[in-house]
Amino acid sequence: MALQFIMGGSGAGKTRLLYERLIEESIKRPKQQFVVIVPEQFSMQAQKEVVSLHPRRGTMNIDIMSFERLAYRVFDELNVRLPAVLDDMGKSMVLRKVAAGRKKELRLFGSHLDKSGFIGELKSMMSEFFQYGITGEALKEMAEGTQSAMLRQKLSDMSELYEGFREYTKDRFIAKEEILDILCRVIPRSELIKDSVVTLDGYTGFTPVQYRLLELLLTYCRQVTVTITMNPEENPYREKPIQHLFHLSSHTVCRLTDLAASSGAGRTEDILLKGDCPRFRESPELSKIERELFRYGRRGEQKEGKQKEGKRKEEKQNQTGCGAPNRKSGLIFHQAENPIREIQFVCAQIERLVKKEGYRYRDIAVVTGALSDYSGELTRQFQENKIPCFLDSKKNILGNPMVELLRASMETLTEDFSYESVFRYLKTGMAVEDVEKLSRLENYVKALGIRGYKRWNSRWERVYRDGELLNLDELNEFREQIVAPFRPLREVFSDRSSSVREMTAALVHFLEEIHAEEKLGEWEKRFSEMGEAELEKEYSQIYGLVMELFDRVAALLGDEVVSRREYAQILDAGFEEIKVGLIPAVVDRVVAGDLTRTRLSHIKALFFVGVNDGIVPSAVRRGGILTEAERRLLKEKGVELAPTAREEGFLERLYLYLVMTKPSDTLFLTWSQTSAAGKGLRPSSLIGQVKSLFPELTETRSDEFEEAAWSLPAGRRALIGGLRERSGSSSQPKF
């Protein structure tokens with residue numbers, strides 16, 4: 001029972017040292033159980049790294065998992081039977097049902113339930129309460145103890161929803177955030193954990209329930225080792241103010257130290273990795289960024305240390321030749337006219353690194369603070385340049401034709417075959433395929449004002465002016481083809497006693513009638529032939545995801561009786577939560593992702609694109625159920641919730657520091673002068689902060705002829721442009 005920290009800055013070698021020591025100990029003690037806990041999205045990379053470092057290329061007594069995987073491992077060991085686990089989709093659907101049933105009691109929220117995204121906000125707030133251990137009774141106490149009328153009503157409504165949620169899910173379901181709470185109750189009985197060696201790597205901080213679990217691990221494990229990203233020379237054992245770069249790291253150290261003392265765990269001597277970071281051995285610029293970026297309180301120390309730093313740099317230059325004029329810079333600023341030109345520069349530089357510098361595509365990564373804005377252009381240009389790329393993001397399926405078809409069909413039923421709902425359904429591309437017939441049908445419906453199921457379900461005999469040549473037999477046959485699948489669906493949805501299970505079964509039958517799965521398969525083949533790998537994978541998953549949603553709806557709300565409109569809203573809540581995730585198609589590929597989600601490892605060159613004001617640092621857009629003032633008020637009363645916008649702003653600097661110190665060779669910081677819509681943009685304040693560390697560096701500008709030397713599409717554009725210029729001028733030195 002002992003706690004140990006491994007501390008060092010980004011790139012100091014904490015993870016490698018941890019894994020090497022772990023492997024060494026696991027070989028010496030083959031019967032000892034070693035557990036490595038990492039964030040969920042990092043688990044596969046950690047497994048790969050441990051296996052590659054292990055001399056036997058195996059990890060027989062080393063388990064690598066996330067907190068959630070650890071919970072399921074312990075549950076299996078102890079034969080703990082869990083109720084069905086509700087993910088975000090399940091919580092949204094249950095909340096929609098509970099909120100509809102208690103609408104009258106929700107004095108503040110009742111009028112907002114039908115607004116787009118509101119149920120999602122309620123779900124996020126409920127998840128936050130679960131994660132931070134706040135109960136319904138605590139919400140009532142908070143509501144009674146606050147003087148703000150608005151906050152009191154919000155907490156009162158949330159308490160009502162919390163009780164309704166608990167009442168509905170009791171003994172049947174648990175929220176995903178409650179898994180660790182259950183683990184805390186049963187872990188004292190686990191033989192897997194007792195006397196094991198546990199290490200935690202890759203975390204910037206922990207939630208309250210994770211701290212509770214760590215306290216139990218400190219009580220029952222032989223040793224707990226935690227890696228902390230922080231300069232060990234800055235007194236890590238004293239908690240830093242919130243504006244300090246390593247505030248969260250120092251808070252983690254102090255909190256875990258207190259937990260170790262309260263649980264009776266001892267302390268093993270910490271490992272402090274001081275000095276220059278090995279990752280930046282060949283890049284003095286990146287080494288300087290790691291040492292000085294966002295270190296506002298150390299300006300005096302930095303001034304005093306300039307002479308020492310100059311000597312150290314001069315010695316390095318003499319040893320490695322870094323001072324040679326032709327040495328590549330480890331930091332490059334680039335200003336582009338717009339995002340299109342920005343990504344063109346990125347593609348050309350990637351090709352240069354691969355063709356000239358001998359890089360592999362997997363040595364390169366692209367990150368941005370606005371992945372939703374850049375993802376389309378990144379995908380298009382990478383495909384155009386034939387650069388293998390993995391876009392590390394999850395795509396919402398609301399825009400998929402099959403989801404749109406389902407939502408439109410539900411609207412057609414609830415709006416009784418209104419013109420807008422019917423043609424929304426028909427124009428999804430999945431209901432009918434004959435575009436010419438559909439056009440004639442729409443003209444006929446518009447001309448004669450056909451509305452309502454009764455008109456659509458009866459034969460059309462009338463002819464509008466100038467439509468005498470219209471083939472009514474053909475048109476009626478087409479109408480029958482459209483209406484036929486709706487008849488059994490409408491019959492079930494018109495019966496007020498129909499349960500959710502019966503409605504769901506009717507929808508599945510409806511999809512079978514219109515051959516939705518076969519049509520998606522045809523589109524999947526079409527995208528495969530076009531080389532659209534991303535769309536091909538999306539369309540291959542979508543039918544299964546929708547069927548999985550239907551299964552969950554039937555399992556969660558099967559015997560409930562709801563109206564057509566309520567059922568449509570429940571489905572919408574589920575659709576909003578479904579995200580399509582892709583896995584990398586090849587190993588040798590460029591990874592493109594965002595600042596916080598994407599986990600990068602062993603990167604030589606990093607392109608940080610979109611470093612514009614309002615994107616980096618990101619504009620404060622928290623919103624949500626509770627305002628910032630209300631969160632601060634609750635925090636003053638000792639209620640621990642997710643970080644406020646101000647705290648997130650300081651935390652974002654830590655993420656920026658971690659991202660910018662990922663590459664070992666070169667960091668490219670790029671920004672645009674205008675947006676894709678032509679609106680003027682300013683460079684981020686981050687650019688000024690980094691430039692203040694390197695006043696001798698200037699930004700580069702786009703050079704189409706230099707890009708043309710490396711990128712085939714850029715070369716084609718330059719050639720066409722040159723020929724166009726030459727046709728208007730006889731003297732052209734470039735040709």
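Structure: see above.
All of these numbers come straight from a predicted model, not from anything done at the bench. (Residues numbered from 1 in each chain as written. Predicted model: local features only at pLDDT ≥ 70, side-chain atom pairs only at ≥ 80, totals over all residues. Heavy atoms only, no water.)

> Sorry if this is basic, but what is going on with the overall build of the protein chain here?
A tally of regular secondary structure across the protein chain gives 30 helices and 18 strands. Summarising its shape, the C-alpha atoms of the protein chain cover approximately 95 × 85 × 55 Å along the three principal directions. Residue burial in the protein chain is summarised as follows: out of 735 residues, 50% are buried. Put simply, 78% of the contacts in the protein chain that link residues at least 6 apart link residues at least 24 apart. Summing over all exposed atoms, the protein chain offers an accessible surface of approximately 35700 Å²; the carbon and sulfur share of this is 49%. (Helix = DSSP H or I, 4+ residues; strand = E, 2+ residues; numbered from the N terminus. Buried < 20%, exposed > 50% of the residue type's maximum accessible area, 1.4 Å probe, protein only. Contact = heavy atoms within 4.5 Å. Areas by Shrake-Rupley, 256 points an atom, 1.4 Å probe, with all protein chains shown as cover.)

> In this structure, what is going on with the nonpolar core? I would like to understand it.
In a soluble, globular protein the nonpolar side chains are often hidden away together inside. Leu-183, Leu-200, Leu-217, Phe-608, Leu-669, Leu-686 and Val-690 are the most contacted members of the largest nonpolar core, which totals 118 residues. Sorting elements by how many residues they give to this core places helix H27 (residues 645-660) first, with 7 residues. With near-sequence residues (within four places) excluded, Val-690 lies in contact with Ile-289, Leu-293, Leu-331, Phe-333, Met-660 and Leu-669. Core analysis: the second largest hydrophobic core is formed by 101 residues, Met-125, Met-126, Trp-523 and Leu-549 among them. (Core = buried A, V, L, I, M, F, W, Y, C linked by side-chain atoms within 4.5 Å.)

> I tried to follow the environment of Glu-292 on my own but got confused; where do I start?
Here Glu-292 lies in helix H11 (residues 284-292). According to the relative accessible area criterion, Glu-292 is buried, its value standing at 9%. Considered as a pair, Glu-292 and Val-690 are 398 residues apart in the sequence and their alpha carbons are 9.4 Å apart.

> Looking at this model, I keep getting lost on the sheet that holds strand E12 (residues 389-391). Mind explaining?
Hydrogen bonds between backbone groups are what pair the strands of a sheet, and the pairing can be parallel or antiparallel. Pairing within the open sheet is parallel, and its 7 strands lie in the order E12-E15-E11-E16-E17-E10-E18. The open sheet terminates on both sides in strands that have one partner only, identified here as E12 and strand E18 (700-701). In the packing of H27 onto the sheet, contacts are made with strand E11 (364-368), strand E16 (605-609) and strand E17 (666-672), and the angle to E16 comes to roughly 140°. (Pairing = 2+ DSSP bridges. Axes fitted to C-alpha atoms, helices over the stretch in contact; angles between N-to-C directions.)

> Any chance you could explain the environment of Glu-517 here in plain terms?
Structurally, Glu-517 is set in helix H23 (residues 516-530). Sequence separation between Glu-517 and Gly-544 is 27 residues, and the spatial gap between their C-alpha atoms is 9.3 Å.

> In this structure, what is going on with the packing of aromatic side chains? I would like to understand it.
Aromatic rings considered in pairs are described by the distance between their centres and by the relative angle of their planes. Within the structure shown, the criterion is met by 25 aromatic pairs. Plain terms: the ring middles of Tyr-444 and Trp-460 are 5.2 Å apart, the flat faces sit at 25° to each other, and that makes the pair stacked. Taken as a pair, Tyr-444 in helix H18 (residues 435-448) and Trp-460 in the loop between helix H19 (453-456) and helix H20 (472-483) lie far apart in primary sequence, 16 residues in all. For the pair Tyr-444 and Trp-460, one class covers both residues: buried. (Phe/Tyr/Trp six-rings, centres within 6.5 Å; stacked < 30°, edge-to-face > 60°.)

> What is the right way to look at H11 in this model?
Along an α-helix, a turn takes 3.6 residues, which lines up residues three or four apart on a common side. Within H11, 7 of the 9 residues are buried, leaving the element largely enclosed by the surrounding structure. Those residues of H11 that sit buried are Glu-285, Leu-286, Ser-287, Lys-288, Ile-289, Glu-290 and Glu-292. Immediately beyond the C-terminal end of H11, within one or two residues, lies Phe-294, with a positive phi of roughly 65°.

> Which parts of the structure should I look at to understand empty space enclosed by the protein?
Left-over empty space is what a probe sized like a water molecule reveals as it rolls over the atoms. Under the definition given, this model contains 2 cavities of 30 Å³ or more. Here the largest cavity defines a volume of roughly 70 Å³. Tyr-203, Thr-204, Phe-206, Val-226, Thr-227, Ile-228, Thr-229, Ser-249, Thr-252 and Leu-654 are the residues that line the largest cavity. Of all the secondary structure elements, the ones that give two or more residues to the lining of the largest cavity are strand E7 (223-229) and helix H10 (247-263). Among the elements that make up the lining of the largest cavity, the one with the highest residue count is E7 (4 residues). Grouping the amino acids of the lining of the largest cavity by side-chain chemistry returns 5 nonpolar, 5 polar and no charged. (1 Å grid on protein atoms, 1.4 Å probe; cavity = no way out; pocket = protein on both sides within 12 Å on 5 of 7 lines; lining within 4 Å. Points joined across faces, edges and corners; volume = space filled by probe spheres on them. Nonpolar A, V, L, I, M, F, W, Y, C, P; charged D, E, K, R; others polar.)

> When you look at a negative patch on the surface in this model, what are you seeing that I'm missing?
On the surface, a cluster of negative charge is made up of Glu-433, Asp-434, Glu-512, Glu-513, Glu-517, Glu-518 and Glu-522. Contributing elements (two or more residues each) for the negative patch: helix H22 (500-513) and H23. The element best represented in the negative patch is H23, accounting for 3 residues. Here Asp-434 is to be found in the loop between helix H17 (419-426) and H18. Of the residues examined, Asp-434 reaches a relative accessible area of 34% and is grouped as partly exposed. (Patch = residues over 30% accessible without salt bridge, like charges linked within 9 Å, V, L, I, M, F, W, Y side chains within 5 Å. Salt bridge = Lys/Arg side-chain N within 4 Å of Asp/Glu carboxyl O. Lys, Arg positive; Asp, Glu negative; His and termini not counted. Charge placed at Lys NZ, Arg CZ, Asp CG, Glu CD.)

> Can you help me understand the side chain of Glu-178 in this one?
With respect to the element layout, Glu-178 can be found in the loop between strand E5 (173-175) and helix H8 (179-186). Looking at Glu-178, the relative accessible area reads 12%, which means it is buried. Engagement of the side chain of Glu-178 in a polar contact is seen with the side chain of Arg-166, the distance being 2.5 Å. Other than its neighbours up to four places away in sequence, Glu-178 contacts Phe-130 and Arg-166. (Polar contact = N/O pair within 3.5 Å; in protein donor to acceptor, adjacent residues only side chain to side chain.)

> Which parts of the structure should I look at to understand the pattern of salt bridges?
Pairing is possible between side chains that carry opposite charge, provided their charged atoms lie close to one another. Across all of its chains, the model carries 49 salt bridges by this definition. Between Arg-459 and Glu-461 there is a salt bridge whose closest N-O contact spans 3.0 Å. By relative accessible area, which is 54% here, Glu-461 ends up exposed. Each member of the salt-bridge network shares a partner with another, and the members are Asp-88, Lys-91, Lys-123, Glu-177 and Glu-577.

> For this particular structure, what's the right way to read the environment of Ala-645?
Of note, Ala-645 is situated in helix H27. Each C-alpha atom of the pair Ala-645 and Val-591 lies 29 Å from the other, and the pair is 54 residues apart in sequence.

Worth remembering: the numbers are spatial, not functional.
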